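Topology and contacts: notes
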Amino acid sequence: MTSPQPAAPQLERRQALVDVRLFLQRRSAVVGAVIMIVMLAIVLFGPLVAPYKPSVPDYAHILSAPSWQHLMGTDEFGRDIFSRILWGARLTLAVGFIGAFASAILGTPIGLATAYFGGWLDDIVMRVVDVILSFPGILLAIGVIAILGPGLQNVIITIIVFGVPMFARIVRGSAISIRNLEYIEAAKAGGATNARILFQHMLRNLVGPITVQLTLQMAQAILVASSLGFLGFGAQPPTPEWGAMLAEGRMFLTIAPWVDIFPGVCIFLAVLGFNMVGDGLNDMLDPRLRR
Amino acid sequence: MAAYFLRRVLQIIPTIFGVSVLAFLFVHAIPGNPAIVMAGPNASAATIRNLSIQFGLNKPLVVQYWYFLVNALSGHFGNSLGDGQPVTKIIGYHFMPTVELAFFGLGLAVVIGVLAGILSAVKRNSSLDYTVMTLSMMGVSFPAFWLAMMLIALFAVHFQMLPSGGDEGWKSFILPVISLGTSGAASIARFTRQSMVTTLTSDYVRTGRAKGVRESMLIFKHAFKNAVGPIITIIGIQFGFLLGGAVVVEVVYAWPGLGNLLITSVESRNYPVIQTLLLLFALEFIVASLIVDIVYALVNPRVRYD
């Protein structure tokens, strides 16, 4: 037996998706989107255009200042910082992407289910969420690293440990506001299964807030990943992860500041790009702010 | 008010219970026998046995948790693995520097954030508003540790105006406090603006203006007083971020606080210290949220009757 299709699915889809014109009207969102596209291009093509190998030392050019030969200078092993940044994008940004996406994929069903079913399931799950989120951000990450040990893979796990309850809480909040709407009632009356109501009817109408949270979560994940890298808990040297590069360059802050400037600028720009897009999307979805 | 206060205090008990369970399980989540892991690679069988007994690892988990809880409630958190000192004593040394840093960092964030947010909302859509909002967008995107490094490079190394940490009185505070407070100030500014725009465009403010109420009166008495609720909430959330941010900022400035202690403890696998610190940070955050809710209820009587 198949459950009846919801009325006018075409209309629903139009509402859920982002209105491109509205987005383009927001200057900061557009700037953010451009930054995101550039970062994506670096992730995809960076290593192809990098002039040097990221981890091969060149002891003849140690800590040399930016020049045409080395656009961003070299580090304490004579490695080209520009090339290292192009390679490192895959690490720093990938951790952000994977961490945030995995959090969304795992956290969204939890948020939907707790909002829809309520009762003891909601009580227990939300209590657990409260407890996990009582450990402020990066401290929870450090705690998880203390258990698992350092490494890029474990950084992704820490981001997921924090991201899943975050998503669950936010999706639950949005889902509660729609769970008693008439079209859900109609779907129920029409005999739709719970799974169908959750993932077809409710999820589709929560695409907006989930997208916003996903974008902001990526910004947050990049910050956490690079902080952990900086603290020595993430990627280990000589990996050109941006945070780890900053940790290595810290000792040369006084004599070769370029070692610390460029990786930091890249982290900053990546986070800024995601924040600007997330913020723009959020404003678009909030009718109160459309003035 | 008393009833609300009591209910809110009672509400945090399950959360604190959960946090204590999580902190307790922390030691057990370490792969392998926790005693062997904690004792290190060259430990003798006697050391491992002593650790097993110290942590009660030979007893059932529930019994172990009960011991942990009783000990924690009477202020015993075990001894540091390195020098055998009580964990509470070690944390005591590092407590005040972090409290001072967090206090001034939050102070800076609140003062700058609220003022900038009000200014932005009052002059909304002006070039000043765009400037403040652009700066605040940048402020929330700075990695705190990188900002800290850049401030050192600029003000400690290049201009040689300020110390890059250490213990030189109020001067040592300036750079760490700025590094810590910037992202909070930026967040608070954004929320203050949003909250103030909502109240400034509301009917009662328009009515007030039509009746000829002074503009400063309108902004602070009418609009701000009603906008302050969400602002207080965001300040509470920022406190949690601040505790986290303090960790990396402390590392950059070699600040002798809890953040630095946490990092060195993780590096040396000093699990009793890590466990207690996680518990402490979580409790601070929970208490901060409680204070925020109570202040919120004080300024907004509607909340109390929900």
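Quick caveat: nothing in here was measured; it's all calculated off a predicted structure.

**Remarks on the overall build of chain B**
In terms of helices and strands, chain B carries 13 helices and zero strands. Reading chain B from its N terminus to its C terminus gives the helix and strand order α-α-α-α-α-α-α-α-α-α-α-α-α. In terms of overall dimensions, chain B has C-alpha extents of about 80 × 55 × 30 Å along its principal axes. Evaluated residue by residue, chain B yields a buried proportion of 41% over its 306 residues. Taking all contacts inside chain B whose residues are at least 6 apart in sequence as the whole, residues at least 24 apart take part in 72%.

**Digging into the overall build of chain A**
A tally of helices and strands in chain A yields twelve helices and zero strands. Summarising its shape, the C-alpha atoms of chain A cover approximately 75 × 45 × 40 Å along the three principal directions. Across the 291 residues that make up chain A, the buried fraction comes to 48%. Taking all contacts inside chain A whose residues are at least 6 apart in sequence as the whole, residues at least 24 apart take part in 71%.

**Focus on the environment of Thr15(B)**
For Thr15(B), the position within the fold is in helix α1 (residues 2-29). Along the sequence, Thr15(B) and Leu283(B) sit 268 residues apart, while their C-alpha atoms lie 9.5 Å from each other. Contacts of Thr15(B), omitting those with residues within four sequence positions, involve Asp130(A), Val131(A), Ser134(A) and Ile286(B).

**Observations regarding the interface of chain A and chain B**
Counting residues at the interface gives 35 residues for chain A and 37 residues for chain B. Mapped by element, the contributors of at least two residues to the side of chain A that touches chain B are α5 (119-133), α6 (137-148), α10 (207-231) and α12 (258-285) of chain A. A class-by-class count of the residues in the side of chain A that touches chain B yields 22 nonpolar, nine polar and four charged.

**Description of helix α5 (residues 87-122) of chain B**
Given a rise of 1.5 Å per residue, 36 residues ought to cover 52 Å, and the 50 Å separating the end C-alpha atoms of α5(B) matches this to within 8%. At His94(B), α5(B) shows its maximal bend, which comes to roughly 35°, and the proline Pro97(B) appears one to four places after that position.

**Thoughts on α1(B)**
Compared with the 40 Å implied by 1.5 Å per residue over 28 residues, the 41 Å span of α1(B) between its first and last C-alpha is a close match. Of the positions making up α1(B), those classed as buried are Val19(B), Leu22(B), Ala23(B) and Val27(B).

**So, the nonpolar core**
Formed by 162 residues in total, the largest nonpolar core has its most connected members in Ile222(A), Ala148(B) and Ile188(B). The residues touching Ala148(B), leaving out its near neighbours within four places in the chain, are Ser179(B), Val249(B), Val252(B) and Tyr253(B).

**Topic: the packing of α5(B) against helix α11 (residues 258-267) of chain B**
Residue and element names in this part refer to chain B. Running from amino to carboxyl end, α5 crosses α11 at an angle of 135°, the nearest separation of the two axes being 7 Å. The angle between α5 and α11 falls in the class oblique. For the pair formed by α5 and α11, the contact residues are Ile91, His94, Phe95 and Thr98 on the first element and Leu258, Gly259 and Leu261 on the second. For the contact of α5 with α11, the per-class residue count stands at four nonpolar, three polar and no charged.

**A word on the confidence of the model for chain B**
Residues and elements named next belong to chain B. Confidence in the prediction of chain B, expressed as mean pLDDT, is 83, and 95% of residues score 70 or more. Per-element confidence in chain B is highest for helix α6 (residues 127-141), whose mean pLDDT is 90, and lowest for helix α13 (residues 301-304), whose mean pLDDT is 68. What the predictor reports for the complex is a pTM of 0.85 with an ipTM of 0.84.

**Some remarks on the packing of helix α9 (residues 203-210) of chain B against helix α10 (residues 215-253) of chain B**
Residue and element names in this part refer to chain B. Axis separation between α9 and α10 bottoms out at 10 Å; the angle between their running directions is 150°. One element, α9, and the other, α10, form an angle in the roughly antiparallel class. Here α9 runs over α10; the crossing is right-handed. Taken together, the residues of α10 that come into contact with α9 (itself represented by Tyr204, Val205, Gly208 and Arg209) are Leu218, His222 and Ala223.

The rules behind these values
- Residues numbered from 1 in each chain as written.
- Chains lettered and ligands numbered in written order.
- Predicted model: local features only at pLDDT ≥ 70, side-chain atom pairs only at ≥ 80, totals over all residues.
- Helix = DSSP H or I, 4+ residues; strand = E, 2+ residues; numbered from the N terminus.
- Buried ≥ 20, exposed ≤ 12 C-beta atoms within 10 Å, placed from the backbone.
- Contact = placed C-beta atoms within 7 Å.
- Nonpolar A, V, L, I, M, F, W, Y, C, P; charged D, E, K, R; others polar.
- Expected span 1.5 Å × (residues − 1).
- Bend = angle between axes of the 7 residues up to and from the residue.
- Core = buried A, V, L, I, M, F, W, Y, C linked by C-beta atoms within 7 Å.
- Axes fitted to C-alpha atoms, helices over the stretch in contact; angles between N-to-C directions.
- Parallel < 35°, antiparallel > 145°, perpendicular 65-115°, else oblique.
- pLDDT = per-residue confidence, 0-100.
- Left-handed = near helix turned anticlockwise from the far one by under 90°.

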